[in-house]
Amino acid sequence: MKKMLYGIILLAIIAVLVACGGQDKTGTDQASDGAAPKEEKITLRLWSHQNAAFQAGNEAIIAKFMEQNPNIEVKYETFEYDLFIQTLQTSMPAGTEADVIEMFGTWVCSYADGGRLSLLPDNLMTYGQAQELFYQAPLDGYYCDNKLYGLPQEFNLENGGSLVNPALFEAHGVTYPPQWTDFASMIADAKKMTEFDGDIMTRAGFNYVTGDGLSFAFFAAILQQGGSYFADDGMHFNFDTPEARNALQLLVDMAQKDQIVDPVLFNDESNWVGDSFFAGNVAIGFVGSWAAGEGMINYPDMVFDYVEIPPYFGTENRFAADSGWGKVVSANTKYPEEAWKLAMFMTAEKENALLWNSNTSTIPALKSLVESPEELLAHAPFLKATFNLLPHGQFIGDLTDRDQIFYEILYPHILDALQGVVSVDEALMSINTEANAVVDSR
Amino acid sequence: METYSISTSGKQNKFSIKRLFSQSFAYLILIFGTLVTLVPFIWVIFTSLKPASEIIRIPPTFFPETWTLDSYRTIFTDPHVPLALFYFNSFFVATFRVVITIFTSTLAGFIFAKYKFGGKDAIFGFILVQLMIPFQVVMIPGYLILVKLHLVDSLWGLIIPSMVDAFGIFLMRQFIEGIPSELMDAARIDGSSEFGIYWRIILPQLGSAIAALGIFTFMGTWNDYLWPLIVITTHEKRTLPLLLTWYNSQHGTRYDLTMAASILVLLPILIVYAIFQRRFVRGITMTGFK
Amino acid sequence: MDNPTILAKQNKGKSKFSALERVKNKFVTRSLTPIMLYMLFFSLLPMVWAVVLGFFDYSPIRAGSSFLGLGGQNPFIGLDNYRAMFLDTQPARVFRSAVVNTFMFALLVLPINLAITLPLAVIIESIHERFKGFFRAIYFMPTISSSVAVAVMWGYIYHPQQGLLNSIIRAVGLTPPKAWLTDPSAVYFGIPLAMIAVIIAYIWQDFGYNLILFIAALQGIPREIQDAARVDGANAWNTFWRITLPLLKPTLLFVCVLTMLSSLQVFVIFDVMTNGGPRNQTTPLVMSIYQNAFRYQNMGWAAAISMVLFLIILFVTIVQFKVLRTDWEY
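Once a new chain begins, its residue numbering starts again from 1 and follows that chain's sequence as written. Here chains are named by letter from A upward and ligands by number from 1 upward, in the order in which they appear as written. Where totals are concerned, whole chains, interfaces and linings use all residues; where local detail is concerned, this predicted model gives features only for residues with pLDDT of at least 70, and gives and counts side-chain atom pairs only at 80 or more. The basis for every side-chain value is the complete set of heavy atoms in the structure, and neither hydrogens nor water enter the calculation.

What follows concerns the interface of chain C and chain A. Only heavy atoms matter for contacts: two residues are in contact if any of them lie within 4.5 Å across the pair. Listed as interface residues are 28 residues of chain C and, on the opposing side, 31 residues of chain A. A combined buried area of about 2,700 Å² lies between chain C and chain A, and 52% of that area is made up of carbon and sulfur atoms. Two parts placed together each lose some accessible area under a 1.4 Å probe, and adding up what both lose gives the buried area. Contact with chain A buries area across many residues of chain C, yet C:Ile61, C:Lys178 and C:Arg295 alone supply 23% of it, more than any other trio. Each salt bridge in this description consists of a side-chain nitrogen of Lys or Arg and a carboxyl oxygen of Asp or Glu lying within 4 Å of one another. We note a salt bridge from C:Arg295 to A:Asp82, for which the minimum N-O separation is 3.6 Å. Here a polar contact is taken to be a pair of N or O atoms separated by no more than 3.5 Å, where protein atoms must pair a possible hydrogen donor with a possible acceptor and residues adjacent in sequence count only if both atoms sit in side chains. Along the contact surface separating chain C from chain A lie 8 residue pairs in polar contact (both at pLDDT 80 or more). Where helices and strands are cited, they refer to DSSP runs of H or I of at least four residues and of E of at least two residues respectively, numbered from the N terminus. Of all the elements in the fold, those that place two or more residues in the side of chain C that touches chain A are α2 (12–53), α4 (90–126) and α12 (285–294) of chain C. Looking at the side of chain C that touches chain A element by element, the count peaks at 4 residues for α2(C). When residue character is reported, Ala, Val, Leu, Ile, Met, Phe, Trp, Tyr, Cys and Pro are called nonpolar, Asp, Glu, Lys and Arg charged, and the others, Gly included, polar. A per-class count over the side of chain C that touches chain A returns 12 nonpolar, 8 polar and 8 charged.

What follows covers the interface of chain C and chain B. Residue-level contacts link 96 residues of chain C with 96 residues of chain B. Buried surface at the junction of chain C and chain B, summed over both partners, amounts to about 8,400 Å²; 80% is from carbon and sulfur atoms. Interface area lost by chain C to chain B is led by C:Phe27, C:Ile144 and C:Tyr156, which between them contribute 9%. Taken together, chain C and chain B are joined by 0 salt bridges.

Next up on the list: the domain arrangement of chain B. Residue and element names in this part refer to chain B. Boundaries of every domain are those given by an automatic assignment or by a domain database. For chain B, the domain assignment lists domain 1 (2–76) and domain 2 (83–287). Each of domain 1 and domain 2 was reduced to a C-alpha centroid, and the two centroids are 32 Å apart. Interface area for domain 1 against domain 2, summed over the two sides, is near 1,100 Å², with a carbon-plus-sulfur share of 86%. Three residues, Val-44, Tyr-72 and Ile-75, lead the burial of domain 1 against domain 2; their summed loss comes to 39% of the area buried on that side. Here domain 1 is connected to domain 2 by 0 salt bridges. If you list the elements that add at least two residues to the side of domain 1 that touches domain 2, you get α2 (17–48), α3 (52–55) and α4 (70–77).

Residues and elements named next belong to chain A. Within the open sheet, the 5 strands sit side by side as β9-β10-β11-β8-β12. Their pairing is mixed. The sheet terminates laterally at β9 (195–197) and β12 (305–308), the two strands that pair on one side only. The average angle at which neighbouring strand axes cross in this sheet is 30°, direction not considered. We call two strands paired when DSSP finds no fewer than two bridges between them. To obtain each axis, a line is fitted to C-alpha atoms, and for helices this fit is confined to the stretch in contact; angles are then taken between N-to-C directions over 0 to 180 degrees.

Looking at the secondary structure, you find B:Leu151 in the loop between α7 (135–149) and α8 (156–159). For the pair B:Leu151 and B:Ile232, spaced 81 residues apart in sequence, the C-alpha separation works out to 9.5 Å.

Next up on the list: helix α14 (residues 350–360) of chain A. Throughout this description, buried means an accessible area under 20% of the type-specific maximum (1.4 Å probe, protein chains only), exposed means over 50%, and partly exposed covers the range between. Among all positions of α14(A), only A:Asn352, A:Ala353, A:Leu354, A:Trp356, A:Asn357, A:Ser358 and A:Thr360 are buried. Just downstream of α14(A) lies A:Ser361, where phi reads positive at about 55°.

Residue and element names in this part refer to chain C. For the pair helix α6 (residues 147–157) and helix α8 (residues 193–220), the least separation of the axes is 10 Å and the interaxial angle reads 135°. Here α6 is positioned oblique relative to α8, judged by the angle of their axes. In the crossing of α6 with α8, the sense of the turn from one axis to the other is right-handed. From α6, Ser-147, Val-150, Met-153 and Trp-154 reach across to α8, where they touch Ile-200, Ala-201, Trp-204 and Gln-205. Here the contact of α6 with α8 is built from residues that sort into 6 nonpolar, 2 polar and no charged. An angle below 35 degrees is treated as roughly parallel, one above 145 as roughly antiparallel, one from 65 to 115 as roughly perpendicular, and anything else as oblique. For any helix crossing, the convention is left-handed if the near helix is rotated counterclockwise from the far helix by under a right angle, and right-handed if that rotation is clockwise.

Each regular strand shows side chains that alternate between the opposite faces of the sheet. Residues and elements named next belong to chain A. Of all 8 residues that make up strand β10 (residues 200–207), 7 are buried, and the element is covered over most of its length. Sheet analysis places β9 next to β10, joined by 3 bridges and oriented antiparallel. Within β10, the residue paired with Phe-196 across the bridge is Met-201. Where β9 folds back on β10, the antiparallel hairpin that results is connected by 2 residues, among which Gly-198 adopts a positive phi of roughly 70°. Two strands pair when backbone bridges link them, and β10 and strand β11 (residues 282–286) are joined in this way by 3 bridges, in the parallel orientation. Residue pairing in the sheet places Asn-207 in a bridge with Gly-285 of β11.

So this is what it looks like as structure tokens:
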């Protein structure tokens, strides 16, 4: 009987060892695979966030890649956005992350500084060569401490365009396609299309209440008045300006005075713009063109379009644009050569980039695709609206920590102002102190 | 004696108006409570049986106007949702944890209940202190330990850190103390080893305590969310609760689908509950487990 | 060869005793050692590690210099994490409101839970034996349900336009709140509406536990005592107040400890239903720990917060055990 006890304990220990050793073993197996002759298959893993259009784009390129490289098997996994961030952080120290990762440009440097990403080898592409091929704004997200850690696929410009629902335009007798001459005329249309049931807003005319939407609109509105959100040193922020006050006042007025959206019912936490637009509860949805790409796949029966919206102030459009999604390679990868081959294949080869941008309805980071846009527009007509805007987009600048500034400082405080919990001045003050505290803490 | 008999007979015959009133009032409250408890479940089931077009209606319908199994069909045929695999993962982890926890708890409980050795009180005190450490405190280093053990993104990472349960040891010690030591001495005279005593004398008498500990370890594991959220990264290795949040974010506004997915997650444990309902209830009262 | 046998026979009594002791000791050592080593490794070590992490500016994303990744890019900062809790910065404000939220949640859940479960248990005990099991079984159903599923369900029930709750409120002719989970300015008696919504969902899921504990305790009270009181002329209310309740006291205190401790550690229902919002009105400490550790690359800060949670739980436990002990004696 004693034997049994030790047997069980032994079994438990073996279980531990097997579980621990299991990974090492497969690891060495794979490593020897890598060294073995080419006919033996190796497996590369690719991670991205979850979005039907992005999945379709990546899957199409992977299929091509595997056809051309029969010795490489690509295993593709996706994660819900929040979970993706957590998973990157929990998996990297453990070394269980994928070989190739689709990362947002503004995250790249924090992972690169921690030593978790692999450098793009100079023989594949130098920064100078990359500058020739890619737009500066998206590329710079991947360039940290004078080293290049990956390549972008998207020029992120969540501005100047909106989803529109023709059915709601018609139902309220509003001209379609829209003939907006200035921002006020758009607000007027949105007002006509806002519906109430008693006091409760059931349909929003113009939903711009999102983390990205509020932040980008706020920045653009400052720029369009000829202002700047940076302090004189170019590092700190300055939101204590008349331009910032006007910009925020405009955003607040749309919610409180014009009542074209109820920021309590429509925000990131409930009725997020993408969801509520495709559920038919929003007439004009302020979001990047990628939402149109996702919508086409998730809601194939819905009729909608993506159109340009007028500037908030004046007649000339000016925007802040930043780096978007692209591909990086993990420092832990067992096959750096193949991993970079895949990453380069997906980002730098024109026809593959085309495949990706047309599936996702995102603005290409690759200059050549924008310079001769016919083919891309044929696949992704929604991009037309953004192409007209592209010349007006300027790089957002070094925000120190873009996600923190956007999602933990700008969005919550602007939302507070929209919901009437704090005044415009109070919100600006909080934003100013907290954003500068972020700069000081680095 | 007299009062006792009067009271019982009095109780039996007390069909006064007042009693009738208080009894109907009691049932009224209980039925109201039943409604509050069941209506959310029913609403979810009904929602999962509505077509997509009916979901977005404002105000919503309670009973489906059109009954359909479309949502379930969609989930079952979704190539991204290998349901059987998720059920397997949950069962795999829960089974291992239940068996191992029962083994270590009964063995250690037996030793603390029936043996004398130096430092016993101190060691048992150490175990009791573990009860006071909330999971959230050991969660962060627990993850870092798994990193060192190469157990991140492995189902074993959900099993190995929780093979010994301080509460289980405490519980089993209480129970085993109640088992007469004479039985053990008799077994010793018959030549049984100490482990033999544990295996053949003690274990068979712990039926209900083992059932209670087993049920709650199973439930806790089955419904566990935060730890798998941190440990598991591969989609195919996820357990059921993770599947639900994943599915929920994938189909934000399709409440027919998310509610059907909720039902699919709830169903196995509700079936287990329906079968072992009495044991569940006895288990709690015995252990005060939470 | 002969000698040892004779010797052994002569010392028969003593050596047999010590042989048994040896066997016992061996068994204890061999069985308990692995279990204790395991506990040292998976319980004590993490506890110590968490304390240590609280003194570092640590993120696992940055490779540190030593074996545990401490030092180098993850420097020792002494008590800075704890000092930072009192500063006027955004993370410190979120932390402090998380402390308030955690206490608010636990202190509201406890009395509401008791006010529902104790009378309900008495009522169930008062009805015919045949139906007791039925109601008990129904009331326990939410308790065994997965918290994620419960949170997803209730999130939908609270939906402002499509949810069941607002439809019912409108159907009976009342005006429902505009948004249960996302309206930061909806505050009743100092309690945010979103917090109230989470409390309702949590109590719905959780009340079965205490109900069953109370029913069991009521069943443990000898009928004769209550009947005797009734014959002495006491009415039902008096019987309950004077006889039943004092006898329930040990259970009541036990239930209080359990309910308190578990509500201080609730995570899932907050994470899935509100994700902490609006304006961090429903961010409990547990969520702060999780988010800082695994989302914001701030594990040292998260470990320091977890120490605060630990102290709170330790304090509550000790206070309640003290109360328990004095009351067990009567």
